[in-house]
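# Architecture and fold: a report
Spelled out, the chains give:
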Amino acid sequence: MILNIKDSAEYDVIAIGSALLDLTISVEDSFLRELGLEKGRMQLVDRERSTAILERIKVLPMEMTPGGSSANTLAGILNFSGRGLFLGSVGRDSHGDVYISETKKIGVETMIGRHDSITGHAITFITPDSERTFAVHLGAALQFSEDDVPDSVMGRGKVLHLEGYLFELDNLNAACQKAMRLAKDNGLAVSIDLSDPSLIGRIYDRLFSAVKDYADIVFVNEDEARVFTGKAERDALDALYELCPYAVVKLGAQGSLIKTGDRVYDVTAVKTQVVNTNGAGDMYAAGILYALTHGMQPVDAGKLASFASSRVVGQTGARLGEKLDIKTILAR
């Protein structure tokens, strides 16, 4: 199998994902107990509870940044001075306004639907010991549908990138199926990040079909690889490569593996002091997708991806606030 990428298009990557506003706030342990949140866990909360939490924290200092896996990957592509278009869904509320305006501010173009649900958000509570506790409400992100994918949009990009979470709900899956069909009709490569091992376990058949029928590029970490293929590391890489022409298995501190053109490339991890792993996989995907859309070889793609992800794990946030010097990275 051969991976073909368009030579030119308005956007390097068109990404579809859950539009979640990240709200980061520092609190004492007692505040978590007051809210009834279990320290150190990610907890999905319904609209009623989420509204109550938002009301409680609205007077406290917090950082607001657009988030979501695919959106983070697009932001990473902009760090490399690439071009991206994001499709998602937010509410008709102030948080939706913030999500759209802040996304555009960093240079990512948007085609975001507005729905009656409140904007999805991930509230990160950081306690004095630096531990993180998450309260997540998906809100309007769950309202994304085929209607939010215009027929003409795929003619404007080189790669369509999707996060695995989108395939679980029927309406989101239908939107993905439409987007992938349009991508193929318009000559785009399709990239899928399988997102989470438990997700793969829940909707294995649906994800397997998407990879087999549409994917040109697939990203998994070692746990996702094991659940999806029943194999580990290189054997998992080989199994993925049987389904698509560009397979990537991320191995954390042990680096990563890329297989394309019948060759395996070992990518060395860039050593760094780990502060936070949130967003590392998204930034890794950004490095690979930027390289692919700019005609770079797998060795150099791996260098960009490994370096960029190391910068993310060395800081507190899921996104980088700086442009990355490609020549300097490749010369390392």
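Residues numbered from 1 in each chain as written. Predicted model: local features only at pLDDT ≥ 70, side-chain atom pairs only at ≥ 80, totals over all residues. Heavy atoms only, no water.

Turning our eyes to something else, we now look at the overall build of the protein chain. If you tally the helices and strands in the protein chain, you get twelve helices and 14 strands. Against the globule reference of 20 Å for 332 residues, the protein chain gives a C-alpha radius of gyration of 19 Å, in line with a compact fold. In terms of its C-alpha atoms, the protein chain occupies a principal-axis envelope of roughly 55 × 45 × 40 Å. By residue count, 56% of the 332 residues in the protein chain fall in the buried class. When contacts within the protein chain are restricted to residue pairs at least 6 apart in sequence, long-range pairs at least 24 apart make up 74% of them. As displayed, the protein chain offers around 14,200 Å² of accessible surface, 47% of which is attributable to carbon and sulfur atoms. Each charge sign in the protein chain was given a centre, from 35 positive and 45 negative side chains, and these centres are 4 Å apart. (Helix = DSSP H or I, 4+ residues; strand = E, 2+ residues; numbered from the N terminus. Rg over C-alpha atoms; globule rule 2.2 N^0.38 Å. Buried < 20%, exposed > 50% of the residue type's maximum accessible area, 1.4 Å probe, protein only. Contact = heavy atoms within 4.5 Å. Areas by Shrake-Rupley, 256 points an atom, 1.4 Å probe, with all protein chains shown as cover. Lys, Arg positive; Asp, Glu negative; His and termini not counted. Charge placed at Lys NZ, Arg CZ, Asp CG, Glu CD.)

Looking now at helix α5 (residues 170–185). End to end, α5 covers 22 Å across 16 residues, agreeing with the expected 22 Å (1.5 Å per residue, within 8%). Within α5, the full set of buried residues consists of Leu172, Asn173, Ala175, Cys176, Lys178, Ala179, Met180, Leu182 and Ala183. Where α5 is buried, its residues meet β1 (11–16), β9 (157–163), β10 (189–193) and α7 (204–214). Looking one or two residues past α5, Gly187 carries a phi angle of roughly 80°, positive in sign. (Expected span 1.5 Å × (residues − 1).)

Applying the stated criterion across every chain, the model contains six aromatic pairs. With centroids separated by 6.2 Å and ring planes inclined at 40°, the aromatic side chains of Phe86 and Tyr99 adopt a geometry described as tilted. Separated by 13 residues along the polypeptide, Phe86 in strand β5 (residues 84–91) and Tyr99 in helix α4 (residues 94–105) bring together distant segments of the chain. In this structure Phe86 comes out as buried when scored by relative accessible area, which is 1%. With a centroid separation of 5.5 Å and an interplanar angle of 50°, the aromatic rings of Tyr204 and Phe228 are classed as tilted. Of this pair, Tyr204 sits in helix α7 while Phe228 is found in helix α8 (residues 222–229), placing the two residues 24 residues apart along the sequence. (Phe/Tyr/Trp six-rings, centres within 6.5 Å; stacked < 30°, edge-to-face > 60°.)

Of all the eight residues making up β5, eight are buried; the element is thus mostly covered by neighbouring parts of the structure. Relative to β5, β1 is paired through four bridges, and the arrangement is parallel. Within β5, the residue paired with Ile16 across the bridge is Leu87. Between the parallel elements β5 and strand β6 (residues 109–115), the chain passes through α4 in a crossover that is right-handed. (Pairing = 2+ DSSP bridges. Right-handed = clockwise from strand over helix to strand, strands pointing away.)

Any two side chains of opposite charge can pair, on the condition that their charged atoms come close. Under the defined criterion, the tally for this structure stands at 19 salt bridges. With a shortest N-O distance of 2.6 Å, Asp129 and Lys39 are connected by a salt bridge. In this pair, Asp129 sits in the loop between β7 (121–126) and β8 (132–137) while Lys39 sits in the loop between α1 (29–35) and β3 (42–44), placing the two residues 90 residues apart along the sequence. With relative accessibility at 29%, the residue Lys39 sits in the partly exposed group. In this structure, the salt-bridge partner of Lys250 is Asp193, at a minimum N-O distance of 3.9 Å. (Salt bridge = Lys/Arg side-chain N within 4 Å of Asp/Glu carboxyl O.)

Another point: the side chain of Asp216. On the secondary structure map, Asp216 appears in the loop between α7 and β11 (217–221). The exposure class assigned to Asp216 is buried, which follows from its relative accessible area of 13%. Residues in contact with Asp216, not counting those within four places in the same chain, are Leu3, Lys184, Leu188, Ala189, Val190, Cys244, Pro245 and Tyr246.

Bringing the nonpolar core into the picture now. If you look at the biggest cluster of nonpolar residues, it comprises 59 residues, and the most contacted ones within it are Ile123, Phe125, Tyr246 and Ile288. Tallying contributions element by element places helix α10 (residues 280–293) first for this core, with nine residues. Excluding residues that lie within four positions of it along the chain, Ile123 makes contacts with Leu23, Ile25, Ile53, Leu54, Ile57, Thr133, Phe134 and Ala135. Counting residues in each nonpolar core, the second largest holds 46 residues, with Ala175, Leu194, Ala215 and Ala247 among its members. (Core = buried A, V, L, I, M, F, W, Y, C linked by side-chain atoms within 4.5 Å.)

Before going further, it helps to examine the sheet that holds β8. Sheet architecture is open: five strands sit in the order β3-β8-β7-β2-β4, paired in mixed fashion. Of all the strands in the sheet, the pair left with one neighbour each is β3 and β4 (63–67). Pairwise comparison of adjacent strand axes, ignoring direction, gives a mean angle of 20° for this sheet. One ladder, built from six bridges, connects β7 with β8; its direction is antiparallel. Its bridge partner lying in β8, Ile126 is registered against Arg132. Those strands touched by helix α2 (residues 47–57) are β2 (20–26), β7 and β8, and its axis lies near 50° from that of β7. Against the sheet, α4 engages β2 and β4, with an angle of about 70° to β4. (Axes fitted to C-alpha atoms, helices over the stretch in contact; angles between N-to-C directions.)

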